[in-house]
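Understanding the architecture of this molecule
Spelled out from the first residue to the last, the chains are:
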Amino acid sequence: MTSPLEQKKIKIAGPSVVTANRTWDGIVVYRTAAKSWSADLSEAAIVRNSDEAKALLAESAADDVGAVGPYIAPVQVGADGKVEPGNLREQIRRTGVTIGQPAQV
Amino acid sequence: MYAYDEIDRTLVNERVSEFRDQVKRRLSGELTEDEFKMLRLQNGVYLQLHAYMFRVAIPYGTLATKQLRALAHVARKYDRGYGHFTTRQNIQFNWIKLAELPDALEDLSKVGIHAMQTSGNNMRNVTSDQWAGVAPGEIEDPRIWSELIRQHTTLHPEFSFLPRKFKIAITASDHDRAAIKIHDIGLRLIKNEKGETGFEVLVGGGLGRTPFIAKTIKHFVHGRDILSYIEAILRVYNQYGRRDNIYKARIKILVHELGIEKFSREVEEEWQHIRNSSLQIDDEVIEDIRSRFTYPAYEKLPHMPDELRQAAADPDFEAWRKNSVAPHKVQGYSIVTISLKPIGKPPGDATAEQMDALADLADKYSFGEIRVGHEQNLALPHVAKRDLPALWKALDKLDLATPNVNLITDIIACPGLDYCSLANARSIPIAQELTRRFANHELANLIGRLHINISGCINACGHHHVGHIGILGVEKNGEEVYQITIGGRADESAALGNLIGPGVKFDEVADVVEDIVEAYLALRERPEELFMDTVKRLGVEPFKERVYATR
């Protein structure tokens, strides 16, 4: 995973969000426009250029107690405004493992 | 089994209290993540894709039934009902809450289990042969020496802030089941011409981005000197090992760059300073450790009991026995490997129910002892041959009797992109598809011994470099692509595999493996010629031609 510091050098190529893991239980969360964290991707703040992304990342990183390891992740925004993960890694983080879990199969 | 003393128990308990306080301070914001990260890593806590992952040590792969039940309890109470046995005699839990970790650690500490040094740049869990103490022909039980090193290196200040993680493995048999040649230090127990116990010491092995097979640095180090010799190696590594570049920080890079001769001279010089110090091990120390390993009161049993003779008529039992049951050093007993590779399931995973039930079976049939091997399987080390049929039936009901040990579906696979924050591609779905593809046990037996190892990134947790067929997942233009090697092995003749050509897509991997296997079956000179023998005789080319002829 690219660290926030390294990501500051990255130019985003499309709509993105800031994601992290919630500190107390580790679950995947997204930074919202209300400056909080949500487990729901649809509530994530969408950024569309590098300056916005850097600003959102900096604000997210400052909330060190709420979530761990924030980074910028690509998303796809449909014509209807629906937000989907932008790559397989983020898809897996959102929906869980692509395999059956032993306790459930 | 090893009986821990009061010092061990105090150490483990105090560590839990310490970590509880650290977690409390982290959750209150008193500690930042930057401050906390090293503390959690030193207690085996990673942050993975979905949640925190908690890695627990199983020193030299030996578990008592109460310990396995405690692991089942952690899986059930604090996680999602299962655990993942790794390639380094650890178990990982994938979905644990940071807030509950101190409680989980405390529950484990009651049975002498901890997570110290299962992460971070320190001495990791000392691993050994999962058949230690029961394998016919071994020099002596390598766990005695593993335990000595474990005690010496646990929380040792000089080994707590190394340039990178450091792994030691020990074997005492001609056939290396501990993969010592892919460890930072590999130790092979031997006897010298005077009959004294000592070690051949190998150094600089490891996989990852830059794989190396370990080189022999010393042909014989007496047992009494092994701690000082290891410490001399560590001191040289601590002094010269690179800390400026994570990719060049492992001791294998130092050994490669200095050359084994120069590295050996540096170690020898350091050793002479400390060899006759308090690091020299008195016989009484070894005897004390030896006395803390207890062995079952074996009965005098026939080599071929009636129960086994009768069960031999059942082809399903025989299919299992052939691959899962190995000779024991005591007549009338066997070592039974429990396959954690059922067809279509993630390699190395076990549910809490399976762990509990296996603990019951170990109590009933294996003197309360279970072993964990680096191939992500378990073993019962002391099973009376007369009990094999009953054990097999019980294992079968638990989905733990898949007759595929050492066959093509006995796949080693890292968690890959389904769990791991470092991974670039998935490993487990590839393993699942391959097990379905080769689910026919007659075909698998026809193919014979063939190890497939899969990693989802270049860090090589799935040991792909040393798979007979190795599969490495990488990411290319947003797609998962898999590079295939053949000819690797992790035993006493350890070797790195050779790449056969360009990477292939996710959906093509199983077809490619099928092509390789078909090529082998067509090319082998006789049924007894194993895959590795054919590769050794013919090289990569015929396999490459077969795979890429139509791609």
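Here the structure is shown first, and the text comes after it.
All of the points below concern the structure found in this document. (Residues numbered from 1 in each chain as written. Chains lettered and ligands numbered in written order. Predicted model: local features only at pLDDT ≥ 70, side-chain atom pairs only at ≥ 80, totals over all residues. Heavy atoms only, no water.)

1. Details of the sheet that holds strand β7 (residues 168-171) of chain B
Residues and elements named next belong to chain B. Strands sit in the order β6-β7-β8-β9-β10 across an open sheet of five strands; the sheet is mixed. In this open sheet, the two edge strands, each paired with only one partner strand, are β6 (127-128) and β10 (215-222). The pairing of β7 with strand β8 (residues 185-191) spans four bridges and is parallel. Bridging from a neighbouring strand, T171 pairs with R188 of β8. (Pairing = 2+ DSSP bridges. Helix = DSSP H or I, 4+ residues; strand = E, 2+ residues; numbered from the N terminus.)

2. What to know about helix α16 (residues 509-523) of chain B
Between its terminal C-alpha atoms α16 of chain B stretches 21 Å, which fits the 21 Å expected from 15 residues at 1.5 Å a residue. All buried positions along α16 of chain B are accounted for by V509, A510, V512, V513, D515, I516, V517, A519 and Y520 of chain B. (Expected span 1.5 Å × (residues − 1). Buried < 20%, exposed > 50% of the residue type's maximum accessible area, 1.4 Å probe, protein only.)

3. A short note on the pairing of strand β9 (residues 197-203) of chain B
Residue and element names in this part refer to chain B. Across the seven residues of β9, seven count as buried, placing the element largely inside the fold. By the bridge criterion, seven bridges tie β8 to β9 in an arrangement that is antiparallel. Within β9, the position partnered with G186 by the bridge is L202. Between the end of β8 and the start of β9, which pair antiparallel, lie five residues, with G195 showing a positive phi angle near 85 degrees. Pairing of β9 with β10 involves five bridges; the strand directions are antiparallel. Residue pairing for β10: L202 is matched across the bridge by T216.

4. Here's the deal with the pattern of salt bridges
Residues and elements named next belong to chain B. Considering all chains together, one arrives at 55 salt bridges over all chains under this definition. For R143, the salt bridge goes to E369, with nearest N and O atoms at 3.4 Å. Of this pair, R143 sits in helix α5 (residues 143-153) while E369 sits in strand β14 (residues 369-372), placing them 226 residues apart in sequence. The residues R143 and E369 share a single accessibility class, namely buried. In this structure, R526 and E529 form a salt bridge, with 3.9 Å as the shortest nitrogen-oxygen distance. Given the relative accessible area of 4%, E529 is considered buried. Residues participating in the shared-partner salt-bridge network are E433, R436, R437, D511 and E514. (Salt bridge = Lys/Arg side-chain N within 4 Å of Asp/Glu carboxyl O.)

5. A word on the pairing of β14 of chain B
Residues and elements named next belong to chain B. Of the two faces of β14, both are covered, the one formed by E369 and R371 as well as the one formed by I370 and V372. In this structure, strand β3 (residues 62-64) lies alongside β14, joined through three bridges in antiparallel fashion. Note that in β14 the partner of L63 across the bridge is I370. Judged from the two bridges that link them, β14 and strand β15 (residues 378-384) form a sheet pairing that is antiparallel.

6. Topic: the packing of aromatic side chains
Residues and elements named next belong to chain B. The final tally for this structure, using the stated rule, is 17 aromatic pairs over all chains. When the ring of Y520 is compared with that of F531, the centres are 5.5 Å apart and the planes differ by 80 degrees; the resulting orientation is edge-to-face. Taken as a pair, Y520 in helix α16 and F531 in helix α17 (residues 531-538) lie far apart in primary sequence, 11 residues in all. For the pair shown, Y520 and F531 are each scored as buried. Between F531 and F543, the ring centres sit 5.7 Å apart and the planes meet at 65 degrees, which makes this aromatic pair edge-to-face. With F531 in helix α17 and F543 in helix α18 (residues 541-548), this residue pair connects regions lying 12 residues apart in the sequence. Each member of the pair F531 and F543 is classed as buried. In this structure an aromatic cluster arises from ring pairing among Y2, Y4, Y60 and F293. (Phe/Tyr/Trp six-rings, centres within 6.5 Å; stacked < 30°, edge-to-face > 60°.)

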